[in-house]
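# A look at the structure
One letter stands for each residue in the lines below.
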Amino acid sequence: KLPEGILGCAAVVLCDPMLATGGSALTAVRVLREAGVPEERILFLNVVSCPEGLRAMAEGAPGVRILTGAVDEGLNERKFIVPGLGDFGDRYYGSFGYSDGLWGTDGL
């Protein structure tokens, strides 16, 4: 569901912590395009990206501007960004890693 009046916004900021393969970001851009938002009004913000994801975005959504905090070296065989920052969802929700000592001991 998109906010009312999205078409009247000067810019739409799309946020995702990581840009790996580009699949999720391109799906979100497609939803925005189908709602009538021009690519040129979309700003995609993320913390970590990799060349594969940036290439996918450049090919699939060339009008979208991208602002990233870091570009890591690439994807591994599991399609995880390396060196990356671990699984953001697991770290954010504390569903994996804290009890194993991977992210410290202050998880949920």
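Our structure is the block above this text.
Residues numbered from 1 in each chain as written. Predicted model: local features only at pLDDT ≥ 70, side-chain atom pairs only at ≥ 80, totals over all residues. Heavy atoms only, no water.

## Brief notes about the overall build of the protein chain
- Each helix and strand counted, the protein chain has three helices and six strands in total.
- Shown N-terminal to C-terminal, the secondary structure of the protein chain runs as helices and strands in the order β-β-α-β-α-β-β-β-α.
- Each of the 108 residues in the protein chain was classed as buried or not, and the buried ones make up 25%.
- Partitioning the intrachain contacts of the protein chain with sequence separation of at least 6 by distance along the chain shows that 52% fall at a separation of at least 24.
- A total of about 6,700 Å² of accessible surface is found on the protein chain, and carbon and sulfur atoms cover 56% of it. (Helix = DSSP H or I, 4+ residues; strand = E, 2+ residues; numbered from the N terminus. Buried < 20%, exposed > 50% of the residue type's maximum accessible area, 1.4 Å probe, protein only. Contact = heavy atoms within 4.5 Å. Areas by Shrake-Rupley, 256 points an atom, 1.4 Å probe, with all protein chains shown as cover.)

## Some remarks on the pattern of salt bridges
- Considering all chains together, one arrives at two salt bridges under this definition.
- A salt bridge links R30 to E34, with the shortest nitrogen-to-oxygen separation between them at 3.3 Å. Taken together, the residues span about one helical turn, with R30 and E34 both in helix α1 (residues 23-34) at a distance of four residues.
- Overall, the relative accessible area of 59% leaves E34 in the exposed class. (Salt bridge = Lys/Arg side-chain N within 4 Å of Asp/Glu carboxyl O.)

## Focus on unusual backbone geometry
- Located in the positive-phi region is K79, a residue other than glycine, with phi close to 70°.
- Mapped onto the secondary structure, K79 falls in the loop between β5 (74-75) and β6 (81-82).

## Details of the environment of C15
- Position of C15 relative to the elements: it lies in strand β1 (residues 12-15).
- C15 sits ten residues away from A25 along the chain, and the two C-alpha atoms are 8.8 Å apart.

## Here we look at the side chain of E39
- Within the secondary structure, E39 sits in the loop between α1 and β3 (42-49).
- Of the polar contacts made by the side chain of E39, one reaches the backbone nitrogen of G63; its length is 2.7 Å.
- Residues in contact with E39, not counting those within four places in the same chain, are V29, R33, G60, A61, P62, G63 and V64. (Polar contact = N/O pair within 3.5 Å; in protein donor to acceptor, adjacent residues only side chain to side chain.)

## Considering the pairing of β3
- Here β1 runs beside β3; their pairing, made up of four bridges, is parallel. If you follow V12 over to β3, its bridge partner there is I42.
- In this structure, strand β2 (residues 18-19) lies alongside β3, joined through two bridges in parallel fashion. Across the sheet, L19 pairs through a bridge with S49, a residue of β3.
- In this fold, β2 hands off to α1, which returns the chain to β3; that crossover is right-handed.
- Relative to strand β4 (residues 65-71), β3 is paired through six bridges, and the arrangement is parallel. Bridge assignment links L43 to a residue of β4, and that residue is R65. (Pairing = 2+ DSSP bridges. Right-handed = clockwise from strand over helix to strand, strands pointing away.)

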